[in-house]
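Overview (structure and organization)
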Amino acid sequence: MANEQRFRMLFVCTGNSARSIMAEYLLRDLAPRRFETFSAGSEPKGEVNPLALKVLEKVYRIDTAGARSKPLTTYQDNTFDFVITVCDRARESCPIWPGQPIVAHWGMEDPAAVEGTPEEKLRAFKRAAIEIRRLLELFINLPFEKLNGLRLQEATQEIGQTENPGRTPWAQQ
């Protein structure tokens with residue numbers, strides 16, 4: 001494991017207040033030695049949704065002290081190995097990144113858009129975190145060292161299209 005490459009990964013959402021923040025912190029928790037994670041928004045809200053923080057802290061026991069909503073321009077001169085959009089609006093406005101990163105879309109419903117009681121809203125954030133974590137677990141279990149760049153691009157994109165958590169899209173020929 002000492003010789004494994006550490007990948008730089010950026011999660012992009014429109015507001016950078018919920019889904020992209022949860023993806024950043026969940027991956028940071030799942031594979032801290034393998035991935036350096038970041039998140040940003042095409043139109044950042046300027047603050048992280050308190051329910052996203054609550055789920056990360058209370059359910060996953062992740063320290064979110066450094067979590068903040070940031071614009072894409074924060075990283076405009078950075079190179080990434082992977083850029084993952086997690087909402088459709090961000091996918092449409094995602095800029096071209098230097099260094100030709102693998103770009104994929106893992107679209108999912110916005111938990112912040114859920115209307116209802118505080119309990120219903122919290123459940124929506126928990127469901128989103130579960131979905132994000134499931135996608136991240138599929139991703140981190142890709143056989144990176146066995147896949148060429150094109151196949152890694154395809155596998156990363158296929159993860160976002162996965163309906164069944166037991167499916168391993170990269171293993172299917």
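Structure: see above.
Since the model is a prediction, treat every value here as computed from it, not as a measurement. (Residues numbered from 1 in each chain as written. Predicted model: local features only at pLDDT ≥ 70, side-chain atom pairs only at ≥ 80, totals over all residues. Heavy atoms only, no water.)

Regarding the sheet that holds strand 3 (residues 82-85)
A sheet is described by the order of its strands in space; here four strands give the open sequence 2-1-3-4, paired in parallel fashion. The sheet is open, and its two edges are formed by strand 2 (35-41) and strand 4 (102-105), each paired on a single side. With direction set aside, neighbouring strand axes in the sheet form an average angle of 20°. With four bridges connecting them, strand 1 (residues 7-13) and strand 3 associate as parallel partners. Bridge pairing links Val-12 to Thr-85 in strand 3. The strands touched by helix 1 (residues 19-30) are strand 1 and strand 2; relative to strand 2, the strand with the most contacts, the crossing angle is about 170°. The sheet contacts of helix 5 (residues 149-159) involve strand 3 and strand 4, and relative to strand 4 the element is tilted by about 20°. (Pairing = 2+ DSSP bridges. Helix = DSSP H or I, 4+ residues; strand = E, 2+ residues; numbered from the N terminus. Axes fitted to C-alpha atoms, helices over the stretch in contact; angles between N-to-C directions. Contact = heavy atoms within 4.5 Å.)

Thoughts on the state of the cysteines
One pass over the full model with this rule turns up zero disulfides. Of all cysteine sulfurs, the one in Cys-87 lies closest to Cys-13, which takes part in no disulfide; the gap is 3.4 Å. A relative accessible area of 4% means that Cys-13 is categorised as buried. (Disulfide = S-S within 2.5 Å. Buried < 20%, exposed > 50% of the residue type's maximum accessible area, 1.4 Å probe, protein only.)

What about the pairing of strand 2?
With respect to burial, strand 2 is a largely interior element, six of its seven residues being buried. Across seven bridges, the pairing between strand 1 and strand 2 is parallel. Counterpart to Phe-11 in the pairing with strand 2 is Ser-39. For the crossover from strand 1 across helix 1 to strand 2, the handedness is right-handed. (Right-handed = clockwise from strand over helix to strand, strands pointing away.)

Some points on the pattern of salt bridges
Overall, the coordinates contain seven salt bridges when judged by the stated rule. A salt bridge links Asp-110 to Arg-19; its shortest N-O distance comes to 3.7 Å. Of this pair, Asp-110 sits in the loop between strand 4 and helix 4 (118-140) while Arg-19 sits in helix 1; the two residues are 91 residues apart in sequence, bridging distant segments of the chain. Here Glu-24 makes a salt bridge to Arg-28, at a shortest N to O gap of 2.6 Å. Linking Glu-24 with Arg-28, this pair stays in helix 1, spanning four residues, or about one helical turn. Of the residues examined, Glu-24 reaches a relative accessible area of 5% and is grouped as buried. According to the relative accessible area criterion, Arg-28 is partly exposed, its value standing at 32%. By sharing partners, the salt bridges in this structure join Glu-24, Arg-28 and Lys-70 into a single network. (Salt bridge = Lys/Arg side-chain N within 4 Å of Asp/Glu carboxyl O.)

Observations regarding the packing of helix 2 (residues 50-59) against helix 4
Direction vectors running N to C along helix 2 and helix 4 enclose 65°, while the axes themselves pass 9 Å from each other. At the point where helix 2 passes helix 4, the crossing takes the right-handed sense. Taken together, the residues of helix 4 that come into contact with helix 2 (itself represented by Leu-51, Ala-52, Lys-54, Val-55 and Val-59) are Lys-121, Leu-122, Phe-125, Lys-126 and Ala-129. When grouped by side-chain class, the residues that make up the contact of helix 2 with helix 4 number seven nonpolar, no polar and three charged. (Left-handed = near helix turned anticlockwise from the far one by under 90°. Nonpolar A, V, L, I, M, F, W, Y, C, P; charged D, E, K, R; others polar.)

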